[in-house]
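Descriptive analysis of the structure
So the chains spell out like this:
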Amino acid sequence: MSDQYTTQFQAGLGMIEECRLFLELWEDGDTVQVLENKVLEAGVLPNVTARRVRNLIAEMWAPRFFVNDAQPARDLKNILEYLNREAISQFITLFTARAQLIYHDFITQVYWPIYESGRSVISRDEAKSFILEALDEGKMQKRWSESTIHRVTGYLIGAAVDFGFLMKASRSTYEITPPSIHPKLALYLAYTLHFEGLSDSHVLAHRDWKLWGMNENDVLRQLQYLGRDGHFIIQGSVELVRFSWTYKNREELLNAITR
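The structure reproduced in this document is the subject of the present report.

**A look at the overall build of the chain**
From N to C terminus, the chain includes twelve helices and five strands. Relative to the compact-globule value of 18 Å for 259 residues, the chain shows a C-alpha radius of gyration of 19 Å, a close match. Principal axes of the C-alpha set define a box for the chain whose edges measure 50 × 50 × 35 Å. Taking contacts inside the chain between residues at least 6 apart in sequence as the whole, the part at least 24 apart equals 67%. Carbon and sulfur atoms form 46% of the exposed surface of the chain, whose accessible area is close to 12600 Å². Charge centroids of the chain, computed over 28 positive and 33 negative side chains, lie 3 Å from each other.

Following this line, the structure appears as structure tokens:
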């Protein structure tokens, strides 16, 4: 994840349906250019120009799915047909937030704190204030213009709407519709963090859980629930937790998710 905020969201926001279509056409080993050609030849986006297709793939899809030797693309392609739309959306949410730090921080630092304060709506002005504060903190490579700030404010809100976190209430306010993490994504996230070499306590405390408003106790309860199906055995508490991991590699994990 880059430590700089960018404007890449302008390419396509949530892009859930496009991501699914691209994954169905993509084969392991395909480059971005190969995928672009496949999409254009297949005509799966008939009302979209060739330039726009290339922009969607290079600027939005690739940063989400081509990182770490295209591991996100391989993982999601292998389980795609076993996921419902909600689960697909949440997997794409995770990969998007990892690719776009500005979105990750907006959801974890603005969206969930507002919800946890007891409020049910969020305004465009609050998203804009978040961007202005980030500018003052030097999180962008250079100072953004007012028009860029306005556009990116819309991108943040638009992506949150696409991913089911918000629903339009009025011209400038949005109803908070907080999603609960899908069990298959929770299983995937826990195991992939473990495969990255994180300790059991660091798995519980990882920042990505906060995309679903979860603290360490929430994560522990979720994983204990999944443990009833034999995915792992958990002993101890948040302060001293120990996992017995059932699946030894990614292939075993993905097979479990498809069941």
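**Topic: the packing of aromatic side chains**
Tallying each qualifying case throughout the model produces 22 aromatic pairs. Both rings, one in Tyr-111 and one in Phe-165, keep their centres 5.4 Å apart while their planes meet at 75°; by these two values the pair is edge-to-face. Note that Tyr-111 is positioned in helix H6 (residues 101-116) and Phe-165 in the loop between helix H8 (146-162) and strand S2 (166-168), a separation of 54 residues in sequence. No difference in accessibility class separates Tyr-111 from Phe-165, as the two residues are buried.

**Section: the pairing of strand S3 (residues 173-176)**
Regular strands place side chains that alternate from one sheet face to the opposite one. The pairing of strand S1 (residues 121-123) with S3 spans three bridges and is antiparallel. Across the sheet, the residue bridging to Ser-123 is Thr-173, located in S3. Pairing geometry for S2 and S3, over three bridges, is antiparallel. Among the inter-strand pairings, Met-167 is bridged to a residue of S3, identified as Glu-175. Turn length for the S2-S3 hairpin, with the two strands adjacent in sequence and antiparallel, is four residues.

**Looking at the side chain of Asp-105**
Here Asp-105 is to be found in helix H6. When neighbours within four sequence positions are excluded, Asp-105 is seen to be in contact with Tyr-5, Val-110, Phe-130, Lys-139 and Arg-207.

**Section: the nonpolar core**
Among soluble globular proteins, nonpolar side chains are generally buried collectively. If you look at the biggest cluster of nonpolar residues, it comprises 90 residues, and the most contacted ones within it are Trp-61, Leu-76, Tyr-103, Ile-131, Trp-209, Leu-223 and Phe-232. A per-element tally of this core places H6 first, with nine residues. For Leu-76, the contacting residues outside a window of four places in its chain are Leu-23, Phe-65, Leu-83, Phe-91, Ile-92 and Phe-95.

**Re the pattern of salt bridges**
One pass over the structure, following the stated rule, counts 14 salt bridges. Its salt-bridge partner being Glu-137, residue Lys-139 comes within 3.3 Å of it at the nearest N-O pair. Looking at Glu-137, the relative accessible area reads 52%, which means it is exposed. Counted as one network, the salt bridges with shared partners bring together Glu-17, Arg-20 and Glu-24.

**Brief notes about the packing of helix H4 (residues 67-79) against helix H12 (residues 250-258)**
When two helices pack together, their arrangement is given by the angle between the helix axes and the distance between those axes. Between H4 and H12, whose axes approach to 9 Å, the crossing angle comes to 35°. Where H4 crosses over H12, the two elements pack in a sense that is right-handed. Contacts between H4 and H12 involve Gln-71, Asp-75, Asn-78 and Ile-79 from the former and Arg-250, Leu-254, Ile-257 and Thr-258 from the latter. Across the contact of H4 with H12, the residue classes tally to three nonpolar, three polar and two charged.

**Some thoughts on the pairing of strand S5 (residues 241-245)**
Covered by surrounding structure in S5 are Val-241, Phe-243 and Trp-245 only, the residues Arg-242 and Ser-244 on the alternate face being uncovered. Hairpin remark: strand S4 (residues 232-236) followed by S5, antiparallel, with four residues in the connecting loop.

**Observations concerning unusual backbone geometry**
Unlike most non-glycine residues, Met-15 shows phi in positive territory, near 55°. Within the secondary structure, Met-15 sits in the segment before helix H1 (16-25). In this structure, Asp-69 is a non-glycine residue whose phi angle is positive, near 60°. Along the polypeptide, Asp-69 turns up in helix H4.

Cut-offs used in this document
Residues numbered from 1 in each chain as written. Predicted model: local features only at pLDDT ≥ 70, side-chain atom pairs only at ≥ 80, totals over all residues. Heavy atoms only, no water. Helix = DSSP H or I, 4+ residues; strand = E, 2+ residues; numbered from the N terminus. Rg over C-alpha atoms; globule rule 2.2 N^0.38 Å. Contact = heavy atoms within 4.5 Å. Areas by Shrake-Rupley, 256 points an atom, 1.4 Å probe, with all protein chains shown as cover. Lys, Arg positive; Asp, Glu negative; His and termini not counted. Charge placed at Lys NZ, Arg CZ, Asp CG, Glu CD. Phe/Tyr/Trp six-rings, centres within 6.5 Å; stacked < 30°, edge-to-face > 60°. Buried < 20%, exposed > 50% of the residue type's maximum accessible area, 1.4 Å probe, protein only. Pairing = 2+ DSSP bridges. Core = buried A, V, L, I, M, F, W, Y, C linked by side-chain atoms within 4.5 Å. Salt bridge = Lys/Arg side-chain N within 4 Å of Asp/Glu carboxyl O. Axes fitted to C-alpha atoms, helices over the stretch in contact; angles between N-to-C directions. Left-handed = near helix turned anticlockwise from the far one by under 90°. Nonpolar A, V, L, I, M, F, W, Y, C, P; charged D, E, K, R; others polar.

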